[in-house]
Amino acid sequence: MIMNENIIKNFLTDYSIEVTPNAATKIDNFAEVLPKNTRIYIAHIEGTPFEDMITTAKKINNEGFIPMPHFPARIVKNKSTLEDWVSQYSHEANVSEGLIIAGGANKPYGDFDSSIQLIETGIFDNAGFKRLHVAGHPEGNKDIDIDKSNKIVDKALSWKNEFAKRTDAKMAITTQFCFDSKPVIDWINRLENMGIDLPVHIGIAGPAKLQTLLRYSLECGVGASIKILQKRALDITKLLMPYEPNSIVTQLAEYKSQNPNFNIEQVHFFPLGGTKTTARWVENIHN
């Protein structure tokens, strides 16, 4: 048991976490909640005023953390808008990292439709961004690959992998959250067989009420592993108990300990039950 605990502690070291601007306003000081120098992603949801994104990035930086705002291609109007956002982040909030994604909008608001198009502008490089993360979907992305073949998302990841090799950009894949370790393990091993070696930051849903997780999972298009939640919902003894990611974290940590080259570099938490709740859950494991 001690060995398992140490394996899990090591697996969760230097985790990252995601917040919305609204959630960030409820944290008086991130230094009271998270380990020093934690990378904090800032979700840019459609309709969020950019001023709120900048305010959140400033707060995160001022309190001693690393802000990584989302750049969703489908809500960026044009190249000029992107240049303006990147410039403001860089000069006003000391931002030098970004998660570059297509975004969840049903149709593009402006000129961009994909994360590749944003990267190809060269704007991030010109602004001195040191790190770019891109999205990964262990259970596929039915919005992109309607036929569930993974052909389009695989091709996009291959392009990003080659981009990282031919430039000095530090890149990683940050994934959607899952509840089952098997599709994650299969997907990462498949990427390795394809020659894609970008480090994976695996998405994990933090502790939350079961109904909250089910709602977010349906909204985010989480695939087969949602069956684990649905099965739990049928068990009346567990229905009212908060979900905790013990099972998937333990399984992935143990798999990595047995396969040291397994390409999970870091854990990224989606704190669907609250930032403080997720941080406490990790802290309890380390104590």
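Predicted, not measured: the structure shown is a model, and the values here were computed from it.

Re the packing of aromatic side chains
Turning to step 1, where the next piece is worked out: Applying the stated criterion across every chain yields a total of 14 aromatic pairs.
Turning to step 2, where the next piece is worked out: Here the aromatic rings of Trp159 and Phe163 are separated by 5.4 Å at their centres, their planes lie at 15°, and the arrangement is stacked. You can see Trp159 and its partner Phe163 sitting in helix α7 (residues 151–166), 4 residues apart, about one turn around the helix.
Turning to step 3, where the next piece is worked out: Between Phe177 and Phe270, the ring centres sit 5.4 Å apart and the planes meet at 65°, which makes this aromatic pair edge-to-face. Pair noted here: Phe177 is in strand β6 (residues 170–178) and Phe270 is in strand β8 (residues 264–270), with a separation of 93 residues, a long-range link. A single burial state applies to Phe177 and to Phe270, both of which are buried.
Turning to step 4, where the next piece is worked out: By the ring-pair criterion, three or more aromatic residues cluster together here, those being Phe50, Phe71, Trp85, Tyr89, Phe124 and Phe129.
Turning to step 5, where the next piece is worked out: Arg166 extends its terminal NZ or CZ atom over the ring of Trp159, reaching a point 5.4 Å from the ring centre.

Focus: the sheet that holds strand β2 (residues 39–42)
Sheet strands line up and pair through hydrogen bonds in the backbone, either parallel or antiparallel.
Turning to step 1, where the next piece is worked out: The 8 strands are arranged β1-β2-β3-β4-β5-β6-β7-β8 in a closed barrel whose pairing can be described as parallel. Within this sheet the neighbouring strands show an average axis-to-axis angle of 30°, counted without direction.
Turning to step 2, where the next piece is worked out: Relative to strand β3 (residues 66–72), β2 is paired through 4 bridges, and the arrangement is parallel. Within β3, the position partnered with Ile40 by the bridge is Pro67.
Turning to step 3, where the next piece is worked out: The sheet strands contacting α7 are β5 (131–136) and β6, and the helix crosses β6 at an angle near 150°.
Turning to step 4, where the next piece is worked out: Relative to strand β7 (residues 200–205), helix α11 (residues 246–258) is tilted by about 155°, and along the sheet it contacts β6, β7 and β8.

Here we look at the side chain of Arg131
Turning to step 1, where the next piece is worked out: Position of Arg131 among the secondary structure elements: in strand β5.
Turning to step 2, where the next piece is worked out: A polar atom in the side chain of Arg131 sits 3.0 Å from the side chain of His133.
Turning to step 3, where the next piece is worked out: Excluding residues that lie within four positions of it along the chain, Arg131 makes contacts with Arg39, Met68, Ser96, Glu97, Gly98, Lys170 and Ala172.

Quick notes on the packing of helix α3 (residues 50–62) against helix α4 (residues 79–93)
Turning to step 1, where the next piece is worked out: At a minimum axis separation of 9 Å, α3 and α4 run at an interaxial angle of 30°. By the angle between their directions, the pair α3 and α4 is classed as roughly parallel. Remark: the crossing between α3 and α4 carries right-handed chirality. Residues Phe50, Met53, Ile54, Ala57, Lys58 and Asn61 of α3 form the contact with α4, whose participating residues are Trp85, Gln88, Tyr89, Glu92 and Ala93.
Turning to step 2, where the next piece is worked out: Partitioning the contact of α3 with α4 into residue classes produces 7 nonpolar, 2 polar and 2 charged.

Examining the packing of helix α8 (residues 181–193) against α11
Turning to step 1, where the next piece is worked out: It is the contact of α8 with α11, at a shortest axis distance of 9 Å, that shows an interaxial angle of 35°. For the pair α8 and α11, the sense of crossing is right-handed. Here α8 contributes Ser181, Val184, Ile185 and Asn189 to the contact with α11, which in turn contributes Ile248, Gln251, Leu252 and Tyr255.

Notes on the pairing of β8
Turning to step 1, where the next piece is worked out: Counting buried positions over the 7 residues of β8 gives 6, a clear majority of the element.
Turning to step 2, where the next piece is worked out: Pairing between strand β1 (residues 16–19) and β8: 2 bridges, direction parallel. Paired with Ile17 across the bridge in β8 is Phe269.
Turning to step 3, where the next piece is worked out: Direction of pairing for β7 relative to β8: parallel, over a ladder of 6 bridges. Bridging across to β8, Val200 finds its partner in Ile264.

So, how was this worked out
Residues numbered from 1 in each chain as written. Predicted model: local features only at pLDDT ≥ 70, side-chain atom pairs only at ≥ 80, totals over all residues. Heavy atoms only, no water. Phe/Tyr/Trp six-rings, centres within 6.5 Å; stacked < 30°, edge-to-face > 60°. Helix = DSSP H or I, 4+ residues; strand = E, 2+ residues; numbered from the N terminus. Buried < 20%, exposed > 50% of the residue type's maximum accessible area, 1.4 Å probe, protein only. Lys NZ or Arg CZ within 6 Å of the ring centre and 35° of its normal. Pairing = 2+ DSSP bridges. Axes fitted to C-alpha atoms, helices over the stretch in contact; angles between N-to-C directions. Contact = heavy atoms within 4.5 Å. Polar contact = N/O pair within 3.5 Å; in protein donor to acceptor, adjacent residues only side chain to side chain. Parallel < 35°, antiparallel > 145°, perpendicular 65-115°, else oblique. Left-handed = near helix turned anticlockwise from the far one by under 90°. Nonpolar A, V, L, I, M, F, W, Y, C, P; charged D, E, K, R; others polar.

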